[in-house]
Amino acid sequence: MSISLSSLILLPIWISMAQIQQGGPDEKEKTTALKDLLSRIDLDELMKKDEPPLDFPDTLEGFEYAFNEKGQLRHIKTGEPFVFNYREDLHRWNQKRYEALGEIITKYVYELLEKDCNLKKISIPVDATESEPKSFIFMSEDALTNPQKLMVLIHGSGVVRAGQWARRLIINEDLDSGTQIPFIKRAMDEGYGVIVLNPNENYIEVEKPKIPVQSSSDSSDEPAEKRERKDKVSKETKKRRDFYEKYRNPQREKEMMQLYIRENGSPEEHAVYVWDHFIAQSAAEKVFFVAHSYGGLAFVELMIQREADVKSKVTAVALTDSVHNVWHQEAGKTIREWMRENCCNWVSSSEPLDTSVESMLPDCPRVSAGTDRHELTSWKSFPSIFKFFTEASEAKSSSLKPALTRRSHRIKHEELICNNMPALFEVMIKCTQNDLGLSDSSEE
């Protein structure tokens, strides 16, 4: 059955090739085009069964999943965790199903931020018109008025959005490890105002308008009979190609275009915008940042662009497996010195939590997050980060530096250059390449 189906699809192409070849040298171009089309036909794809429609539920209940009292996603009927391979041998369909569930999870977390954490959703740009693309952040009621402390949370790259550290942790582990909610609740309990950034919400997608294609006969000086014959062949070729594409990819998606959000078209732009319009305007005497993965890079870029302002307002920065690179980003000496005194990076490591980890880069101290899983570093270092902030706050009040920044293992910048150049370049390459993809496997 499958062989006859593929033969049926290929037969018209073979016949057309034979007919064109009889037409003489003038038809060589058409023959080449048809041969190219034939070479791209994947018989293995043609022999596969049709893919089910990409029509997925738009609620957790529709997927028959819910979060239990422990914050774990479980099947309503079986109590089992989420199953990715819902249909065997249909990876693309399973991936689309996972992505559809992920979009629901994102909206669910937004609801928790508003209802469970009592945060406000603030639209940006602040002066946006009705028709232009917009994004948003979340803030506590006292984020701009709290005179003492403000905590700012920045997640990493990929599909994650405001309030998340890692989508796959939310789906496969629990809400505590995968979201920023534990940080938000503890911060509010300890008297912090809170701002939650949304650095990956950089554009909206709209369907690409179809541009009508003018027929070549409109402007051709060829005889009418020849133009008519060429148009007929062109239409037939397109018809067969569309038929093949429809079978090969029955769920062919619409062509989309991206409309970028003004002054928020990248994580780096977003961080600067929120700083200028919210953080810098806040009343807090002490500002603290928690930045995961690419969020660390965005913070360093913010420092480069607003160095004096950041130094005067920020008390301490907790990075979790940050992918920043002070040399690649061309951070100056004064920035590197400030980071050594006011930042700490909890990195993925098999060493116990808070164990010192040597660094090849001349920036901030690095300690173990107590896990070798990149996406878990924020959750595993959670208690240590709050301890670090408390020490930093007390040190600022007494004009002392927090204990975590006074490390005997700190390596001098000059020694690094002289003694560790090969290893240093290896680390630089790794840092610049790590975590810039958009797939779920590198979403943080």
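The rules behind the values
- Residues numbered from 1 in each chain as written.
- Predicted model: local features only at pLDDT ≥ 70, side-chain atom pairs only at ≥ 80, totals over all residues.
- Heavy atoms only, no water.
- Helix = DSSP H or I, 4+ residues; strand = E, 2+ residues; numbered from the N terminus.
- Buried < 20%, exposed > 50% of the residue type's maximum accessible area, 1.4 Å probe, protein only.
- Contact = heavy atoms within 4.5 Å.
- Areas by Shrake-Rupley, 256 points an atom, 1.4 Å probe, with all protein chains shown as cover.
- Pairing = 2+ DSSP bridges.
- Axes fitted to C-alpha atoms, helices over the stretch in contact; angles between N-to-C directions.
- Polar contact = N/O pair within 3.5 Å; in protein donor to acceptor, adjacent residues only side chain to side chain.
- Salt bridge = Lys/Arg side-chain N within 4 Å of Asp/Glu carboxyl O.
- Parallel < 35°, antiparallel > 145°, perpendicular 65-115°, else oblique.
- Left-handed = near helix turned anticlockwise from the far one by under 90°.
- Nonpolar A, V, L, I, M, F, W, Y, C, P; charged D, E, K, R; others polar.
- Phe/Tyr/Trp six-rings, centres within 6.5 Å; stacked < 30°, edge-to-face > 60°.
- Lys NZ or Arg CZ within 6 Å of the ring centre and 35° of its normal.

**Student:** It is not clear to me how the overall build of the protein should be interpreted in this structure. Could you clarify?
**Tutor:** Along the protein, the regular secondary structure elements total 17 helices and 13 strands. Looking at the 444 residues of the protein, the share that counts as buried comes to 47%. A separation of at least 24 residues holds for 73% of the contacts in the protein among residues at least 6 apart in sequence. In the structure as shown, the protein presents an accessible area of about 23,300 Å², 50% of it carried by carbon and sulfur atoms.

**Student:** How do you make sense of the sheet that holds strand β9 (residues 286-292) when you look at a structure like this?
**Tutor:** Backbone hydrogen bonds are what pair the strands of a sheet, in a parallel or an antiparallel way. Taken in spatial order, the 9 strands line up as β3-β4-β6-β5-β9-β10-β11-β13-β12 in an open sheet, and their pairing is mixed. Looking at the sheet topology across the chains shown, the edges are occupied by β3 (120-124) and β12 (356-357). Bridging between β9 and strand β10 (residues 314-320) involves 6 bridges; their strand directions are parallel. Residue pairing across strands places Val 290 opposite Ala 318, the latter belonging to β10. Packing against the sheet, helix α8 (residues 181-189) makes contact with β5 (149-154), β6 (192-196) and β9, and its axis sits at approximately 155 degrees to β6.

**Student:** I'm lost on the environment of His 75 in this one. Help?
**Tutor:** Looking at the element boundaries, His 75 is found in strand β2 (residues 73-75). A residue is classified by how much of its surface remains accessible, and His 75, at 15% relative accessible area, is buried. The spatial distance from the C-alpha of His 75 to the C-alpha of Leu 60 is 9.7 Å, given a sequence separation of 15 residues. When residues no more than four places from it in sequence are discounted, the contact partners of His 75 are Glu 64, Tyr 65 and Glu 80. At 3.4 Å, the side chain of His 75 forms a polar contact with the side chain of Glu 64.

**Student:** Looking at this structure, how should I read the pattern of salt bridges?
**Tutor:** Pairing between side chains of opposite charge can happen when their charged atoms approach one another. Summed over the entire model, instances satisfying the criterion amount to 15 salt bridges. When the shortest N-O distance is used, the salt bridge between Asp 127 and Arg 262 registers 3.0 Å. Taken as a pair, Asp 127 in the loop between β3 and β4 (135-139) and Arg 262 in the loop between β8 (256-260) and α10 (267-279) lie far apart in primary sequence, 135 residues in all. Glu 263 is paired through a salt bridge with Arg 262; the nearest N and O atoms lie 3.4 Å apart. Among the charged side chains, a salt-bridge network with shared partners connects Asp 127, Glu 132, Arg 262 and Glu 263.

**Student:** When you look at unusual backbone geometry in this model, what are you seeing that I'm missing?
**Tutor:** A negative phi holds for most residues other than glycine; trans holds for most peptide bonds. Each neighbour pair has its own omega, and for Ile 124 with Pro 125 the value is 0 degrees, a cis peptide bond. You will see that Glu 64, though not glycine, has its phi angle at about 65 degrees, which is positive. Along the polypeptide, Glu 64 turns up in the loop between α4 (60-63) and β1 (65-67). Its identity is not glycine, yet Asn 118 carries a phi of approximately 60 degrees, on the positive side. Along the chain, Asn 118 falls in the loop between α5 (91-115) and β3.

**Student:** Looking at this model, I keep getting lost on the packing of α10 against helix α11 (residues 294-305). Mind explaining?
**Tutor:** Contact geometry for α10 and α11: axes closest at 9 Å, N-to-C directions at 55 degrees. The pairing of α10 with α11 is recorded here as oblique in orientation. The way α10 lies across α11 gives a crossing that is right-handed. Of the residues in α11, those in contact with Pro 267, Glu 268, Ala 271, Val 272 and Trp 275 of α10 are Tyr 294, Leu 297, Ala 298, Glu 301, Leu 302 and Gln 305. Per-class residue counts for the contact of α10 with α11 are 8 nonpolar, 1 polar and 2 charged.

**Student:** Help me understand the packing of aromatic side chains, please; the structure alone is not making it clear to me.
**Tutor:** Each aromatic ring pair is summarised here by two numbers: the centre-to-centre distance and the angle between the ring planes. In this structure the tally under the stated criterion is 22 aromatic pairs. Residues Phe 136 and Phe 138 carry aromatic rings whose centres are separated by 5.7 Å and whose planes lie at 85 degrees to one another, so their mutual orientation is edge-to-face. What makes Phe 138 buried here is its relative accessible area of 0%. Taking the centre distance of 5.5 Å and the plane angle of 75 degrees together, the rings of Tyr 192 and Phe 288 count as edge-to-face. Here Tyr 192 is found in strand β6, whereas its partner Phe 288 is found in strand β9, with 96 residues between them in sequence. Under the relative-accessibility criterion, Phe 288 is labelled buried at 0%. Grouping aromatic residues by their ring pairs yields a cluster made of Trp 165, Phe 183, Tyr 192, Phe 288, Trp 346, Trp 379, Phe 382, Phe 386, Phe 388 and Phe 389. A cation sits over an aromatic face here: Lys 149 above Tyr 192, 4.1 Å from the ring centre.

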